[in-house]
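This is what each chain is made of:
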Amino acid sequence: MSRSAALAGLLILLSVQTSPAQETQTRAVSGEITYLQRIALPPEADLHIAVEGRFGTILGETRITAGGKQVPLPFTLDIPTGLRGTLGAVIRLDGKPRWFVQDIAVPAGENPLDLGTIRVDPVTPLAFVTTITCRDQEVEVGILGEEMVLRADGRDIPLRQTVSASGARYEGVEDPETVVWSKGDDFMIRLAGRDLEECRAVAPPDRRAYRARGIEPGWHVDLGEDTVRIVADYGDLTREAPRPPVTVLPGTYSFDMPEAGARLLLEERLCHDAATGMPHPDTATLLLDERRLDGCGGDPADLLIGTSWQVSLLNGEAPQEAERVSLTFLTPDRVAGSTGCNRFVGGFTLSGEGLGFGPLGSTLMACPEPLMAQERAMLDALELVSRFDIAADGALRLIGGPEEKVLIEARRP
């Protein structure tokens, strides 16, 4: 997520009343906030800190007025046990955001957590931000000062509205080859003459699509933007209800749908599909009338995409120059990485049956023979991968070949 989008999301979440936890099992998260600039905080400066969970929820938050104090500013807040989240903080001067930090990992647990010293950096946030994801990158459109701008590739491109037969069309003030054309949630974006593909506005976290499913007796629940669809008994039972607000419980997110006689409970605990063995990020329970139906929830891709994985084992052995050997899953179908010699890019396919890597292209730098042999071994191993798993300690295991063995093991730093 970009800095401006995260800041806009945090500011919105801090102003929304979220569903309170219905149980009192909490843990303390503490630390201190500082910045590098030699600027004194006025007494009225305020610090907002929030831990954001899944589905746009705020797990815990606190607000501190400087009152003459200077950084570092210590803080403590409580969040439910058993849920992970990300911490964000904003320091405001005269009501305007001045410093910001995002995506500080807060792992799930039961015991108090001290995050130590957290540095916030200066920001220039966009107002009324629309976050747009395209096939290969993410951009934002919003207001900066009095201008509409496209924020992409680390720069702000001023836009002006032009005539269009449908939707709203904008082009760059100084670059007519930059175009933003919106039609509902779909966008056509041209960035300095380069067309971005498959561009679509990102739904807010509390309205994003989500699916939970189980094998017996053949059920699934689809959380849509506005409605929930429940299918059970292999399709013989179908119900719909408005999408409810999420309730935060210790270790669990709850969606209550009394109109449909149902309640969906999601635990942030790895779950394996009973039929295929595919790992999913959540363990799901559907309470339907008087029945309890068990299954898995979430997109398996969410277990892969994000922070780079550092390869710790290749064909059972530690790689040479391991700090340079990595895999990064970039989008639902793109992957990049390094073999320790050359970098490579390509595609991957994640289906209900497993994981596979498509054609991989690499740079052509010559390296010492041991690194060249390691490169061949790694690319060969990726071609053999047929599925993946996440170990109890969080390690990624890429499995395949005739013996269905672990070909590559990787960990997040």
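Right, let's walk through the structure included here.

Cut-offs applied
Residues numbered from 1 in each chain as written. Predicted model: local features only at pLDDT ≥ 70, side-chain atom pairs only at ≥ 80, totals over all residues. Heavy atoms only, no water. Helix = DSSP H or I, 4+ residues; strand = E, 2+ residues; numbered from the N terminus. Rg over C-alpha atoms; globule rule 2.2 N^0.38 Å. Buried < 20%, exposed > 50% of the residue type's maximum accessible area, 1.4 Å probe, protein only. Contact = heavy atoms within 4.5 Å. Areas by Shrake-Rupley, 256 points an atom, 1.4 Å probe, with all protein chains shown as cover. Lys, Arg positive; Asp, Glu negative; His and termini not counted. Charge placed at Lys NZ, Arg CZ, Asp CG, Glu CD. Salt bridge = Lys/Arg side-chain N within 4 Å of Asp/Glu carboxyl O. Polar contact = N/O pair within 3.5 Å; in protein donor to acceptor, adjacent residues only side chain to side chain. Expected span 1.5 Å × (residues − 1). Arc of directions from axis to C-beta. Pairing = 2+ DSSP bridges. Axes fitted to C-alpha atoms, helices over the stretch in contact; angles between N-to-C directions. Disulfide = S-S within 2.5 Å.

### Notes on the overall build of the chain
A count of helices and strands for the chain gives two helices and 35 strands. Computed over its C-alpha atoms, the radius of gyration of the chain comes to 24 Å, within 12% of the 22 Å expected for a compact globule of 413 residues. Structurally, the chain occupies a C-alpha span of about 65 × 65 × 55 Å along its principal axes. Residues classed as buried in the chain amount to 46% of the 413 residues present. For the chain, the share of sequence-separated contacts (at least 6 apart) that also reach a separation of at least 24 residues comes to 47%. Counting only carbon and sulfur atoms, one obtains 51% of the accessible surface of the chain, whose full area is about 20,500 Å². Positive and negative side-chain charges in the chain, numbering 40 and 61 respectively, have mean positions lying 3 Å apart.

### A look at the side chain of Glu375
Looking at the element boundaries, Glu375 is found in helix H2 (residues 369-384). No salt bridge is formed by the buried Glu375; its nearest oppositely charged neighbour, Arg376, is found at 7.1 Å. At 2.8 Å, the side chain of Glu375 and the side chain of Thr339 are in polar contact.

### Digging into H2
Over its 16 residues, H2 runs 23 Å from end to end, which matches the ideal 22 Å to within 8%, given 1.5 Å per residue. Within H2, the full set of buried residues consists of Leu371, Gln374, Glu375, Met378, Leu379, Ala381 and Leu382. Down the axis of H2, the smallest arc covering the buried residues is 155°, so these residues share one side.

### Thoughts on the environment of Ala336
With respect to the element layout, Ala336 can be found in strand S30 (residues 334-339). Given the relative accessible area of 8%, Ala336 is considered buried. When the C-alpha atoms of Ala336 and Ser362 are compared, they prove to be 9.4 Å apart, with 26 residues separating the residues in sequence. With sequence-adjacent residues up to four places away left out, Ala336 is seen in contact with Ser326, Leu327, Thr328, Leu330, Arg343, Phe344 and Val345.

### A look at the environment of Asp333
Locating Asp333 in the fold gives a position in the loop between strand S29 (325-331) and S30. Sequence-wise, Asp333 and Asp175 are 158 residues apart; in three dimensions their C-alpha atoms are separated by 31 Å. When residues no more than four places from it in sequence are discounted, the contact partners of Asp333 are Arg135, Gly346, Gly347 and Phe348.

### Quick word on the sheet that holds strand S20 (residues 237-242)
Taken in spatial order, the nine strands of this open sheet run S20-S19-S18-S17-S27-S26-S23-S22-S21, and their pairing is antiparallel. Of all the strands in the sheet, just S20 and strand S21 (247-249) have a single pairing partner and so form its edges. On average, each strand axis in the sheet is inclined to that of its neighbour by 20°, with strand direction left out of account. Note that strand S26 (residues 282-288) and strand S27 (residues 291-297) share seven bridges and pair antiparallel.

### A look at unusual backbone geometry
At the junction of Val71 and Pro72, the peptide bond is cis and its omega measures out at 5° in the coordinates. Here the amide bond leading from Glu216 into Pro217 is cis, since omega sits at 5°, within 30 degrees of zero. With respect to the helices, strands and loops of the structure, Pro217 is situated in the loop between strand S17 (210-214) and strand S18 (219-223). Even without being glycine, Ala192 reaches a positive phi, approximately 50°. The topology assignment puts Ala192 in the loop between strand S15 (186-191) and strand S16 (194-201). What makes Ala192 partly exposed here is its relative accessible area of 47%. With phi around 55°, Glu198 is a residue other than glycine that occupies positive phi space. In this fold, Glu198 is placed in strand S16. Here Glu198 falls in the exposed class, since its relative accessible area comes to 60%.

### Overview of the state of the cysteines
Each disulfide consists of a covalent bond between the sulfur atoms of two cysteine residues. According to the stated counting rule, one finds three disulfides in the structure shown. Each disulfide pairs two cysteine sulfurs, and for Cys134 the partner residue is Cys199, the sulfurs being separated by 2.1 Å. Because the sign of the S-S torsion sets the handedness, a value of about 110° for the bond joining Cys134 and Cys199 places this disulfide among the right-handed ones. Taken together, the residues Cys134 in the loop between strand S9 (127-133) and strand S10 (138-144) and Cys199 in strand S16 connect sequence positions 65 residues apart.

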